[in-house]
Amino acid sequence: MTVSDSALKQTPLYKEHESLKAKIVPFGGWQMPLQYEGIIKEYTFARQEVVLFDTSHMGEFFIEGDLKGSGLDKIVTQSLKNMPVKTCRYGLMLKEEGGVIDDLIVYRIRNDKWMIVVNAGPKDNDVKHFQKHLNPEAKFCDVSSQTGKIDVQGPRSRDFLVDIIPDIRKLDYYAFDTFNVLGEDVIVSRTGYTGELGYEIYFPWNKTVELWQLLLTKGAQPAGLGVRDVLRIEVGYPLYGHEITESGSPLQAGLKKFIDWEKDFLGKQVLLREQEDGIKKKLINFVSENRRSPRAHYKIYSADKTEIGKVSSGTFAPYLKKGVGLGFIDKERGKIGNQVFFGEGRDFFAAEIVKRPIYDAGSLKK
Amino acid sequence: MEVLDSYLYTHEHEWIHVEDNVATVGISDYAQNALGDITFTELPEVGGEFEQFEQLASIESVKAATDVYCPMSGKVIEVNSEVVDDPELINRDCYEKGWLIKLEIAAPDEKSKLMKAVEYTNYCENLS
């Protein structure tokens with residue numbers, strides 16, 4: 001499907017990206033910045049300093065109602081039962097007949113109020129799915145079009161934000177609270193997608209520019225989707241459309257720990273059957289022998305040139321100065337330390353299966 | 001976007017600078033900018049012979065991979081090892097230090113299939 005540029009949506013920061021001379025690309029139905037000064041520069045800032053991502057394209061919903069009565073508990077895979085207020089949890093939303101609709105983060109605002117954060121591409125499907133499966137007494141509200149979002153990420157992000165949000169230090173990993181920022185009471189969570197210490201700030205759509213400009217003035221560097229992908233691949237985080245797909249299995253993608261087997265949820269029967277039959281493929285992380293980077297959809301071969309799988313995400317990793325990636329291969333071939341191969345003829349090259357994460361020196365939990 | 005007057009260009013964004021029967025080949029400013037930070041360059045071996053528009057080299061950036069095609073037929077007489085050791089040199093200086101190979105050209109007539117600077121500039125402007 002090709003979407004013409006005019007059909008693509010713009011975040012409240014679109015003009016800012018243009019004036020910063022960002023390279024703009026279509027992503028999930030939006031016109032998004034791919035890079036500003038260059039991916040390597042942005043990478044260094046993200047791993048050493050503090051960067052800003054415009055993530056206003058993502059979807060946000062509020063649900064009011066208690067866990068069981070609302071129907072929320074059966075829509076998502078993660079355990080929400082004993083989840084404290086002001087914490088976040090990552091999980092998935094499955095189709096009843098198998099396959100993943102989206103991955104998402106649930107925020108517990110009150111005992112009986114929740115915020116759900118979803119990807120931009122599948123957002124409209126997500127809305128339909130919630131509306132179909134929530135119980136009539138639950139109140140569902142899609143606030144995506146009023147909610148801008150800026151991710152502040154990097155080892156310096158806490159010290160950097162203290163100036164604007166003095167109490168930011170109290171937030172633990174995967175916790176959130178309401179803070180007054182530029183006169184607005186907004187949700188800020190200690191979450192992210194980079195493997196570094198970082199925060200996500202949910203902000204009124206029409207004031208997001210003001211926050212962006214303030215953060216830039218204070219010295220954070222803008223970073224685009226290009227480096228966002230590099231950072232998440234190095235940490236082995238899955239991306240919707242790559243490791244998580246409508247026809248894919250969360251078990252093969254190694255997401256078992258985000259599934260609460262003790263509760264009922266949509267899609268559970270399919271997973272139980274899959275579990276019983278045993279998974280055929282598994283997600284691996286690999287590092288190339290050189291600077292050559294495998295790309296999504298490259299075939300993965302064994303030493304005897306048998307096709308054993310496919311790359312789901314690949315990139316050059318500035319940290320190692322080598323190609324790295326994720327891919328699905330036959331389960332029995334996926335042992336750490338095994339070699340896998342890509343390409344043909346003079347383009348043939350090797351990689352080694354490694355432990356996740358490839359990059360483990362991040363400031364995430366510091 | 002920088003385009004050098006004395007060079008000729010292909011539709012795939014290679015440049016060639018012909019002096020007598022020897023030519024230098026590289027990728028254009030448009031190409032290096034579109035690729036972004038270049039991370040890997042694979043060049044042919046000296047002595048290799050290529051037809052016009054045959055695949056000559058591979059270049060990868062952080063997020064993309066592309067083939068480089070030979071702008072004119074000929075034999076490779078020198079390769080730039082500096083762009084293998086430091087691929088970002090192509091980003092920094094694609095027309096001078098970031099050259100890829102030198103070619104002994106076999107068929108000077110093939111120039112007629114290439115674009116001059118003005119033509120190439122128009123071509124690029126119509127792409128975006």
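Provided above is the structure to which this section pertains.
Conventions used here
Residue positions are given per chain, counted from 1 along the sequence in the order it is written. Following the order in which they are written, the chains are lettered starting with A and the ligands numbered starting with 1. Selection of residues for local features in this predicted model requires a pLDDT of at least 70, selection of side-chain atom pairs for listing and counting requires 80 or more, and totals for whole chains, interfaces and linings are taken over all residues. Water and hydrogen atoms were dropped before computing side-chain values, which therefore reflect all heavy atoms in the structure. Summary of the burial criterion: residues with accessible area below 20% of their type's maximum are buried, those above 50% are exposed, and those between are partly exposed, where the area comes from a 1.4 Å probe applied to protein chains only. Note on conventions: DSSP H or I runs of at least 4 residues are helices, E runs of at least 2 residues are strands, and numbering of each starts at the N terminus. DSSP-based pairing: two strands are paired if at least 2 bridges between them are found. Pairs were defined over the aromatic rings of Phe, Tyr and Trp, the Trp ring being its six-membered one, requiring ring centres within 6.5 Å. Orientation was assigned from the angle between planes: stacked under 30 degrees, edge-to-face over 60, tilted for the rest. Only when the NZ of Lys or the CZ of Arg is both within 6 Å of the ring centre and within 35 degrees of the ring normal is a charge said to sit over the ring. We call two residues in contact when some of their heavy atoms are within 4.5 Å. Geometry is summarised by axes, namely lines fitted to C-alpha atoms with helices restricted to the contacting stretch, and by angles between N-to-C directions that run from 0 to 180 degrees. Note: buried area is the sum, over both parts, of the accessible area (probe 1.4 Å) each one loses when the two are combined. Every case where a carboxyl oxygen of Asp or Glu lies within 4 Å of a side-chain nitrogen of Lys or Arg is listed as a salt bridge. Whenever two N or O atoms come within 3.5 Å, that pair is a polar contact, provided that in protein one can donate a hydrogen and the other can accept it, and provided that, for residues adjacent in sequence, both atoms are side-chain atoms. Each residue is assigned to one class: nonpolar for Ala, Val, Leu, Ile, Met, Phe, Trp, Tyr, Cys and Pro, charged for Asp, Glu, Lys and Arg, and polar for all the others, Gly among them.

J.: Explain the pairing of strand β20 (residues 349–354) of chain A here, please?
T.: All names here are of chain A. With 5 of 6 residues buried, β20 lies mostly within the body of the structure. Bridge count for strand β15 (residues 281–288) against β20 is 4 bridges, and the pairing is antiparallel. In the sheet register, Phe286 faces β20, and the bridge partner there is Ile353. Sheet analysis places strand β19 (residues 339–342) next to β20, joined by 4 bridges and oriented antiparallel.

J.: Can you help me understand the packing of aromatic side chains in this one?
T.: A ring pair, where both rings are aromatic, is described by two values, the distance of the centres and the angle of the planes. Per the stated rule, a full pass over the model turns up 19 aromatic pairs over all chains. A centroid spacing of 5.3 Å and a plane angle of 5° characterise the contact between Phe341 of chain A and Phe348 of chain A, whose relative ring orientation is stacked. Here a set of aromatic residues connected by ring pairs shows up, and it is made of Tyr7, Tyr9, Trp15, Tyr95, Tyr120 and Tyr123 of chain B. Lying over the aromatic face of Tyr359 of chain A, Arg47 of chain A brings its terminal NZ or CZ to 3.8 Å of the ring centre. For Lys102 of chain B, the ring lying beneath its charged end belongs to Trp99 of chain B, and the centroid distance is 4.4 Å.

J.: Before we go on, may I ask you to explain the environment of Val50 of chain A in this structure?
T.: All names here are of chain A. Locating Val50 in the fold gives a position in the loop between α2 (39–48) and β4 (51–54). Judged by its relative accessible area of 1%, Val50 falls in the buried class. Remark: the alpha-carbon pair of Val50 and Thr191, spanning 141 residues in sequence, is separated by 14 Å. Among residues more than four places away in sequence, those in contact with Val50 are Phe45, Val152, Gln153, Gly154, Arg156, Ser157, Phe160, Ala220 and Gln221.

J.: So what exactly am I meant to see when it comes to the sheet that holds strand β8 (residues 113–118) of chain A here?
T.: Within a sheet, adjacent strands bond to each other through the backbone by hydrogen bonds, running parallel or antiparallel. Residues and elements named next belong to chain A. Judged by pairing direction, the sheet is antiparallel, and its 5 strands sit side by side in the order β6-β7-β8-β5-β9 without closing on themselves. Single-partner strands in this sheet number two, and they are β6 (88–94) and β9 (139–142). Here the strands of the sheet are splayed against their neighbours by 25° on average, with no regard to which way each runs. Of the pairings in the sheet, the one linking strand β5 (residues 59–64) to β8 comprises 6 bridges and is antiparallel in character. Looking across to β8, one finds that Gly59 is bridged to Val118. Across the sheet, helix α5 (residues 123–133) lies against β5, β6, β7 (100–110), β8 and β9, angled at about 10° from β5, the strand it touches most.

J.: Whenever I open this one, the interface of chain A and chain B confuses me. Can you help?
T.: Often, the extent of an interface is quoted as the loss of accessible area upon association of its parts. Contact with chain A, which involves 20 residues of that partner, is made by 20 residues of chain B. Summed over both sides, the interface of chain A with chain B buries roughly 1,500 Å², with 41% coming from carbon and sulfur. At the boundary of chain A and chain B, one finds 4 salt bridges. Across the salt bridge formed by Arg295 of chain A and Glu60 of chain B, the nearest N and O atoms sit 3.3 Å from each other. The tally of links from chain A across to chain B stands at 12 residue pairs in polar contact (both at pLDDT 80 or more). Of all elements in the fold, only α2, α8 (225–235) and β17 (307–317) of chain A reach the threshold of two or more residues within the side of chain A that touches chain B. Of all the elements, α8 of chain A adds the most residues to the side of chain A that touches chain B, at 4 residues. Along the lines of polarity and charge, the residues of the side of chain A that touches chain B split into 6 nonpolar, 6 polar and 8 charged.

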